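One letter stands for each residue in the lines below.
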Amino acid sequence: MDILIAYATTEGQTGKIARFCADRLAAQGHEPHLLHVEHGGEDMPDCAAAILAASVHIGKYQAALESFALRHAPRLNARPTLLLAVSLAAAGEDADEWQDLARIAEGFQARTGWRAGQVAQVAGAFRFSQYDFFRRLAMRWIAHQKGQQVDPQGEREYTDWAALGALVDEFAAQAA
Ligand SMILES: Cc1cc2nc3c(=O)[nH]c(=O)nc-3n(C[C@H](O)[C@H](O)[C@H](O)COP(=O)(O)O)c2cc1C
């Protein structure tokens, strides 16, 4: 089965997640089409099913992925689809933050007109090497607030690869 994986990423973790999904699907004999959405004007390749992935920055997904979803909503709505929403809030258990994540996903779908068949909240990462000075300070403060031990020069990954693999397997099985 041809499966599109269209993703936007700011610091790279969603890109890593998208590549993981592509490798997983390819290993099962599917044909994944990895598409890095950078401006939203990209064409949507022919596919039987689609995974769209984006990450949360100050309460929103990347504008490019929103444009892409808006542009291709009718075709997306005609296929099995999965939205992977990557964030740090998804690494925790704060009920208010989880409500925010649900609101962000809901607002995105309402604005684009694409109704994802399934929405999955996926824990992302701190990637200090990718931040500028002010972001590094802000993210260190957030890590501190959450009681997380982080290397201020390095990375701290929260993505549960086993759970993500199982999710992708199930999506592909259902789509088929
Ligand atoms: C400037 C900035 C703002 C962020 N805002 C949020 C946020 O509002 N909620 C959240 O849960 N995570 C937030 N994050 C965490 C990112 O969603 C997380 O680091 C994710 O892994 C980034 O994915 P990417 O590397 O694909 O861009 C933010 C990160 C940065 C750097």
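Residues numbered from 1 in each chain as written. Predicted model: local features only at pLDDT ≥ 70, side-chain atom pairs only at ≥ 80, totals over all residues. Heavy atoms only, no water.

## Things to note about the overall build of the protein chain
Right, so step 1: A tally of helices and strands in the protein chain yields 6 helices and 7 strands.
Right, so step 2: When the helices and strands of the protein chain are read in sequence order from the N terminus, they spell out β-α-β-β-α-α-β-α-β-β-α-β-α.
Right, so step 3: Over its C-alpha trace the protein chain gives a radius of gyration of 16 Å, about what one expects of a compact globule, namely 16 Å for 176 residues.
Right, so step 4: By its C-alpha atoms, the protein chain is 45 × 35 × 30 Å across when sized along the principal axes. (Helix = DSSP H or I, 4+ residues; strand = E, 2+ residues; numbered from the N terminus. Rg over C-alpha atoms; globule rule 2.2 N^0.38 Å.)

## A few points about helix H5 (residues 133-145)
Right, so step 1: Taking 1.5 Å of rise per residue, 13 residues should cover 18 Å, and H5 covers 19 Å from first to last C-alpha, within 8% of that figure.
Right, so step 2: A positive backbone phi angle near 70° is found at Gly147, which sits one or two residues after H5. (Expected span 1.5 Å × (residues − 1).)

## Examining the UniProt feature "domain: Flavodoxin" (unreviewed entry) in the protein chain
Right, so step 1: The UniProt entry lists residues 4-151 under the feature "domain: Flavodoxin" (unreviewed entry), expressed in the numbering used here.
Right, so step 2: With 41% helix and 22% strand, residues 4-151 has its two end C-alpha atoms placed 35 Å apart. (UniProt positions renumbered as here; feature names shortened; annotations may be inferred.)

## A closer look at the environment of Arg140
Right, so step 1: With respect to the helices and strands, the residue Arg140 is situated in helix H5.
Right, so step 2: Using a relative accessible area of 42% as the deciding quantity, one classes Arg140 as partly exposed.
Right, so step 3: Sequence separation between Arg140 and Asp151 is 11 residues; the distance between their C-alpha atoms is 9.2 Å. (Buried < 20%, exposed > 50% of the residue type's maximum accessible area, 1.4 Å probe, protein only.)

## What to know about the site of the ligand
Right, so step 1: Near the ligand you find 21 residues, and of these Thr9, Gln13, Thr14, Val56 and Ala125 are the closest.
Right, so step 2: Thr9 is positioned with one of its side-chain polar atoms (N or O) 2.6 Å from an oxygen atom of the ligand.
Right, so step 3: Between the ligand and the protein, one listed contact pairs an oxygen atom with a backbone N or O atom of Val56 at 2.6 Å.
Right, so step 4: Against a free-state accessible area of 640 Å², the protein chains account for coverage of 88% of the ligand.
Right, so step 5: Judged by the proximity of its atoms to the pocket grid, the ligand belongs to the largest pocket.
Right, so step 6: Partitioning the shell around the ligand into residue classes produces 8 nonpolar, 11 polar and 2 charged. (Near = heavy atom within 4 Å. Polar contact = N/O pair within 3.5 Å; in protein donor to acceptor, adjacent residues only side chain to side chain. Areas by Shrake-Rupley, 256 points an atom, 1.4 Å probe, with all protein chains shown as cover. 1 Å grid on protein atoms, 1.4 Å probe; cavity = no way out; pocket = protein on both sides within 12 Å on 5 of 7 lines; lining within 4 Å. Sits in = over half its atoms within 2 Å of the grid points. Nonpolar A, V, L, I, M, F, W, Y, C, P; charged D, E, K, R; others polar.)

## Considerations on the side chain of His72
Right, so step 1: Within the secondary structure, His72 sits in the loop between helix H2 (63-71) and helix H3 (73-77).
Right, so step 2: The class of His72 is buried, set by a relative accessible area of 8%.
Right, so step 3: Separated by 2.9 Å, the side chain of His72 and the backbone oxygen of Glu42 make a polar contact.
Right, so step 4: Those residues in contact with His72 that sit more than four places away from it in its chain are Glu42, Asp43 and Met44. (Contact = heavy atoms within 4.5 Å.)

## As for unusual backbone geometry
Right, so step 1: Phi at Ile58 takes a positive value of approximately 45°, unusual for a residue other than glycine.
Right, so step 2: As for its placement among the helices and strands, Ile58 is situated in the loop between strand S3 (49-55) and H2.

## Observations regarding the domain arrangement of the protein chain
Right, so step 1: For the protein chain, the domain assignment lists domain 1 (2-124 + 161-175) and domain 2 (126-158).
Right, so step 2: On a C-alpha basis, the centroid separation for the pair domain 1 and domain 2 is 24 Å.
Right, so step 3: At the junction of the two partners, domain 1 supplies 12 residues and domain 2 supplies 10 residues.
Right, so step 4: Where domain 1 abuts domain 2, roughly 900 Å² becomes buried across the two surfaces, and 49% of that area is made up of carbon and sulfur atoms.
Right, so step 5: The interface formed by domain 1 and domain 2 includes 3 salt bridges.
Right, so step 6: Here Glu11 ties to Arg135 by a salt bridge, and the two come within 3.2 Å at their closest N and O atoms.
Right, so step 7: Counting across the domain 1 and domain 2 interface gives 8 residue pairs in polar contact (both at pLDDT 80 or more).
Right, so step 8: When the residues that make up the side of domain 1 that touches domain 2 are grouped by side-chain class, the tally is 4 nonpolar, 5 polar and 3 charged. (Domains from an automatic or database assignment. Buried area = accessible area lost by both parts, 1.4 Å probe. Salt bridge = Lys/Arg side-chain N within 4 Å of Asp/Glu carboxyl O.)

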